[in-house]
Structures are given as structure tokens and as C-alpha cells.
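Examination of the molecular architecture
Spelled out from the first residue to the last, the chains are:
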Amino acid sequence: MTNLSVDAIAQVEQPLPGAPNNWKRFFSFSTDHKVIGIQYLVTSFFFFLVGGILAMIIRGELITPEADLLDRAVYNAMFTMHGTIMLFLWTFPSLVGLSNYLVPLMIGAKDMAFPRLNAAAFWMVPVFGVILMASFLVPGGPSQSGWWAYPPVSLQNPTGNLINGQVLWILAVAISGVSSIMGAVNFVTTIARMRAPGMTWFRMPVFVWTVFAAQIIQLFGLPALTAGAVMLLLDLTVGTSFFDPARGGDPVLFQHFFWFYSHPAVYVIILPIFGIFSEIFPVYARKPLFGYKVVAISSLIITGLSGIVWVHHMFASGTPGWMRMVFMATTMLISVPTGIKVFAWVATIWGGKLRLNTPMLFALGGLVMFVFAGVTGIMLASVPFDIHVNNTYFVVGHFHYVIYGAVVMGMYAALYHWFPKMTGRMYSEGLGKLHFVLTLIGTNLNFFPMHPLGLQGMPRRVASYDPEFAFWNVVASLGAFLLGMSTLPFILNMIGSWVQGEAAPKNPWRAIGLEWLVSSPPTVENFEELPIVVAEPYGYGKSDPLVANPDRLEVVHESH
Amino acid sequence: MSSMSKQTILTLGIVAIGLAFISLWMGQQAYSWFPPQASAEAVLVDQLFSFLVALGTFIFLGVVGTLTYSVLFQQAGKYDFSDGPHIEGNVTLEIVWTAIPFVLVIWIAAYSYQIYDQMSILGPMEHVHRGMTTAEATPLMKPAAPLFDQKPVEHIDVYARQWAWEFHYPQPAITSTELHLPNRQRIQLALHSEDVLHGFFVPAFRVKQDIIPGQVIEFEFTPIREGRYRLRDSQYSGTYFAAMQTDVVVESPEAYQQWLTTTATQPPVIAYNRAFDEYQRAHNPISTGWKIVEPASPPIVNYPSSSVSNP
């Protein structure tokens, strides 16, 4: 697809960021998608550490049955903030950051469609991050109603103040929503309109497909959450009664608004990770992605199905039997396109020539834990079983296998894989492998015990529990502390390698993809001349060129 | 993949049979991961879970086994920089691995539907809606024979509030903070909440239902095993959520009648309440002083549970 507006946009709307090779650009309102991508990644990783410290405090409380480390109110604030920070300040922004960095490079564009909107969306992240953190300082402490903020608990305002933790929480979530919608508009437009000549839909890398599918979810889902949040804010501040049963409101209605977005949100999170798996396995197995087109289309099928499964979070809520049955069926259907992807990755790896570099190790570990989470996910979709484990630690175990086992592991895989491209330096394999081993052991030690606990009937969100649950809780807590430690070799590796790592060539992994045809790191404009794409994205095992003009993509400079 | 030798098919067959045995064994183990089966519903749920564990084990080990084989035996040599074979896909294989999960999913959904229908925890489902589920599409579905066609014999009102459980029995009209139930009789609870969402959850019964303020939800099950079990609030209800627990006592119908009769003679007393007690304790060493919702006064009932069962 040739596209006149590409040139037009490049000329008119892309201000050249100043000081292109200076660290100061990372603290500026830069419009370079690569700078913004790294800004997102570094900021969100900071909040990942904050959320992780809260998690370790939670596990510190739970290492003994009694509520003896924290005041119960503080414990409740801890898990509320842990969930909120991990979702809105780590998972979403880190994936947006990675997508920001990669999508324009992968489709052969010079930047995102709306570079200033892109920068504005990023700078909202520190803003609502500060608002959320500030809620620790208001009288009464931060929100204690959980990241799901179900009324009536979220409407109880014991301090009586207008500015309270809950109000700040809603404000932060709302700004996060606006930022995400701005990002989504940008991604969908960029992918639809900014592809390089010859980059047809079925020549796009699967990562781009998954970002596209994920950002469409943001567009249709976030308005529901935002509407729910606005009504909640009105109930809380000016005394409307949308959700307050004491005044004729319906608390279950909020749950529908909330999950109509917040369930699809997990696909916003997991889809780009599927994309990362789809990029990494072919590179390190030296084989094409098995069934590329089917894998690409499955992403869109998942997007469609993700919009009609939300009630599976409400099987034990005020829902009638027939509704539970319908949503059980739709939920289980999601496993079909997901299964297609898993089998495709296994078939990609099978018979390949594997190289177990750090990215490959993380991707393999992430895949195995995702399959485990998929199995428990199908179990949870089954209403009679879910009735027993709903709101128990079984659910916590399941989604942490998804969100840490698959998403964080996948994210690490991506960070190592594209680190040379982003920084122009090679990372240390030794530290990377140490990081992998610690993460793998820590994740399983931390989250596996939650499954037996849930089956035994330990509710989630509790500050204290019956002594019969002590054993598995001690194991989980030790795992959590190990997981906290596991970030140290990663941080050391990233900072150390960025400062004094070996210089990276254009394509250290012999990977196929437009981003690997330009220098590491790419120049401000990415491509001097737009690539003319002539092949499908995973040509491993044959030596056809990917683009017609590989030598004219960049100005000849101090080339390697 | 298209031309598989007899040897390969044989090997795959043996591996699959081995996996199937391991999976069935895991399915049997699954029963031991639960609390005691104290209700008829628990028997059904455990059966379903055992089936899901067996199926899940097969899939998990199948995928992980294949990956493990690749990782162990298909690594590139140190100086081997060649690519693997250029295989873009295989239509037959892709159809198979789309169709099999699809069929499995319908099977699981139909089986789950059947179990849920038998449990009838919200009373019999309105079967007019049945056509909307995938269940009817399968020959597996016989009109489910309800396990418990007996009408609910014991009707008890359950009141949840921040953070106490209170139970009202109709005949004789008594109250308690510990739930007593007759064994092997269909129980119908009317679930009331006076403030926020709560959840009625007895792990030994495998049943759970959120309690919604402003609604009364009729909830049914059948205890089948005498004993003392835990009842926990399962839907987050604020500061003392974790402390909102009490005991369920399942006893023979005779013992239950005896308990009702004796309790009816007891004057109401103030029950011990964990949340109220903690809140009133002046010397909480880890308190931050954040203003929180005040716990309701302890229930005044004919039969208070001992503070031992509410530590």
C-alpha cells in the first residue's frame, strides 16, 4: 500500500527532536517514538519495582496467619495499590512503550501517525502516577476498595472528606484511561495508514497484528470503564445513586461496566505478549512462524470474543443461572484461537535449530507458564468449579501465572531481544541467564502454592487466615522475596550494558525484520528512504530478501 | 510432518497412552486436594474438577513434553549458523488442532452445564433459556435428572453486615452466630446484606454466592456429612473482611432439633465479634489511625459462637 500522507505527515507534522544523542532527550517532550518508547519502559519499570515492594509487604503480612505486620486498613490499601500500580503503571505502559518503539520500525514508518499526541499520552503517566502515590498522604490513606473498586465499599467514605484516597484513585484511573485512548487512536491509525510500500496486512509481523488487535479493544472497551468510573465518582462526591443500593442504585451494574472493559483489558495485555512470542521463537529456532496467517487472524478473533465474556468474573455475583451458562460457553471458546497460537509456537520450535539465549529462555519459560495458566483458566470458566474457587487464591494463582509467568517473562524476553537495537549495546548473557533462573524459580515458588490454597478454600484479599493455610503461604512468601531479588541482576545488566556494553551491530541475532535492517540504535528518522517490502515476514530457511532497497534505507554514515 | 513413518506413529501412540495414564492418575489425585466433601454439591464439583485435571494434565504435559524434547535434542551446534527447514505451515494439522479444542470445549461446557443444573444452587434454572447454551447441541445432554427433587425443608435467613454473620431460624424463632444445619436435608438460605457486598462461602460444601444489599437471594444446597466447617465471607467487604468468619455445624436431624429446642430456651446474649473487639481495643500497636468504617455492634443472639471458633 503506497500512501501519500506518509510523506506529507513526515514533512509537516514531525518536528525533529533536539539533542538526538543526548541523555537529556529522555527527560524532554520528545516526539520521537523511540524516545517515547524508552520513556514508557523506564517509567513503568520504576513503578513495577514500587508495585513489587508493595507485593513483598503483602507477602510479609501473609507469612503468618495473624494480622500482625500491618494494620488491616493498611493491608487493604497495599493490595489495592499493588493491583492498581501493576496494571495501570506497569503492565499497560510498559507494553505501550514496547509497541511504541517497535511498531513504526516494524512497518517501515518514520514515526507514529500523531507524534505530539504520543508524547502527550506518555507524559500523562507520571502525572497520574504522582496523583496515585499522593493518595498515601491524604487523611484516611489511599483507596482500600481494591483495584476493582466495587460499590458499596468504594462509596463508603469514612473520613467524610471530599478529597480522599478513593477520589484520587478514580482520578488517576480516569487520566490513565484518557492516556490509553490517545495511545490507541495513534496505534490503530499508524498501523492502518503508515505502512511502508509493499507492507501489506499479510506481510506485517505478528507483533504488529497483536498490537492492532489489542488497541482496538482499548477503543471499544475503555469508554465503558470510563462511564462506570464517572458514575462512581458522582455517587461518591455529589450524592447521585447509580450504584448505591441504600438509595435505589444497583451495585451489580457497576460490575458489568467494570468487567466489560477490565476483562478485555487482559487481552490488551496478553496479545502483545503473544506477538513477542511469535517474533522470538522464529529467530531463535531458525524457522518461519508456523501458520503465520492463522496466527495473525486469531488475534482478531480473540479481540472479538474478548468483548462477550466479561460475566465470567461474576459467576458468584448477582447473576441468574442462564447468564452464567451463556458466558461459560463464550469464555471457553476463547481457548480455541488461543490454542491455535500455542500449537503454532510449538510447531515453530519443533525441528528447529535452537539457540537458548536469554530472550529464548524467557520466551520458553513464559510459554510453559502460559499453558499452565490456560489450563487453570478453562477450569475457572467452568461455572460449577468456579463457584467453589471464585474469590479464592486459586484465581490469584491463575492470573499471576498469566501476568507474571507469561506477561512479565514475555516482557523480559522482549527487552533482552531488542536491547541491542534500542541502546546499540549488547547485554551480558551470564547475568541474563542468572536473571532467568531466579525469575523462573521465584515465579513458581510464589504463585504455584496459591492453587492448593484456593482449592482448600482460602479467600483472596485477606489480611489474616486460619492456621491450616500456613504452609503454602510461607512457601509463597519466600517465592515473592526471591522474585524481588531476581530484579537485581536485570537492573545491573541493563544499566551496566547500556553504559559500557559491547557495541551492537545492526542485526546481532540474524533476525528477519525491518528493524534489523537499520543501525542500532536507529537514526531519528528511522529510514532515510522508506523500505519497499517484497516478502512475508518470516523467511527463515530460504534466502529471499525482505526489501527491494536494503542499501538505501539509511544515509551512508560510519557504517559497520 | 506429511509422511510419517510407522515408527513415528508407533512412538507417538505409546507416548500418548503413557500421558493418558498419567493424566488419569492426576485426575484421581485431584480429589485429595479439597477439604472434606460435606455436601452433595461437593461430590459433583469434585467429579468435574477431577475430569478437568485429567484433561488439563494431558494437554499441559503434551505441550511441555514436546517443548522439552526440542530444547534437549534440537539445539543448534555452536558453529552451526544455518537455518532450520522452511516450513510455513500445514493445513491438515492446523485444522486438526482447531477442531479438537473446539470439540473438547463443547464437551467441557456441556458437562459443566449438566453439573450446574444438578446442583440447582439458585433453585431450578429457568429452562426456557437453555436453548442459548451450547449444551443442547450435544448428544451428551440428557434431560438432567435432578439429584435433589426434595423440596427445601429447612429455611434459614442469613444476615451479613460489616463484619458479622447472624442466622435466623423460623421454627422455633431463634438466632445464632454459628450456622447449624440438619444433615441430608435440602437447605434453603435467604441471603441478606445490610450494607455492602458480602459472600457466603463454605469450602467444604463447594458453594458460594455473593450477597447483594437491596436483594434477597435464595440459595440451596444439601449437607451430607456431619461435622464442623468454616463459613467465610468471600466477597471483599472492607477493613475487617478477613475476620468475618464463623462455623457451620452439620448434625443429625435429631441433634439439630434438640439444638433448636434447647437454644429456644436461652435468653439472647451479646455474641463475641472479632471485628468489633479489635476495633475497640485501645492498644493496637500497628494502627495508623486512618479513619475506617466502624464495625456494627456485635449481634445479640440466642446462641453465640464461641470466640475460639472466631480467633
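1. A closer look at the pairing of strand 6 (residues 198-202) of chain B
Residue and element names in this part refer to chain B. Burial analysis of strand 6 places five of its five residues in the buried class, which makes it a mostly covered element. Because side chains alternate across strand 6, one face comprises the buried residues His198, Phe200 and Val202, and the other comprises Gly199 and Phe201, equally buried. Sheet topology places strand 6 next to strand 7 (residues 207-211); five bridges connect them, and they run antiparallel. Counted as the bridge partner of Gly199 is Asp210 from strand 7. Hairpin connection from strand 6 to strand 7: four residues lie between these consecutive antiparallel strands, with Arg206 at a positive phi of about 60°. Where strand 6 meets strand 9 (residues 227-233), two bridges bridge the pair, whose relative direction is antiparallel. Along strand 9, the bridge assignment pairs Phe200 with Asp233.

2. Digging into the side chain of A:Thr43
Residues and elements named next belong to chain A. For Thr43, the location among the structural elements is in helix 2 (residues 33-62). Judged by its relative accessible area of 17%, Thr43 is buried. A distance of 2.6 Å separates a polar atom in the side chain of Thr43 from the backbone oxygen of Gln39. If sequence neighbours within four positions are ignored, Thr43 has contacts with Phe122 and Val125.

3. Observations regarding the pairing of strand 9 of chain B
Residues and elements named next belong to chain B. The element strand 9 is extensively covered by neighbouring structure, given that five of its seven residues are classed as buried. Bridge count between strand 9 and strand 10 (residues 245-251): six bridges; the pairing is antiparallel. Counted as the bridge partner of Leu231 is Thr246 from strand 10.

4. So, the sheet that holds strand 9 of chain B
All names here are of chain B. Pairing in this open sheet of five strands is mixed, and the strands run 4-10-9-6-7 from one edge to the other. Two strands close off the open sheet at either side, each with one partner strand: strand 4 (179-182) and strand 7. The average angle at which neighbouring strand axes cross in this sheet is 25°, direction not considered. Helix 4 (residues 253-264) contacts strand 4 and strand 10 of the sheet and is inclined by roughly 140° relative to strand 4.

Procedures and definitions
Residues numbered from 1 in each chain as written. Chains lettered and ligands numbered in written order. Predicted model: local features only at pLDDT ≥ 70, side-chain atom pairs only at ≥ 80, totals over all residues. Heavy atoms only, no water. Buried < 20%, exposed > 50% of the residue type's maximum accessible area, 1.4 Å probe, protein only. Helix = DSSP H or I, 4+ residues; strand = E, 2+ residues; numbered from the N terminus. Pairing = 2+ DSSP bridges. Polar contact = N/O pair within 3.5 Å; in protein donor to acceptor, adjacent residues only side chain to side chain. Contact = heavy atoms within 4.5 Å. Axes fitted to C-alpha atoms, helices over the stretch in contact; angles between N-to-C directions.

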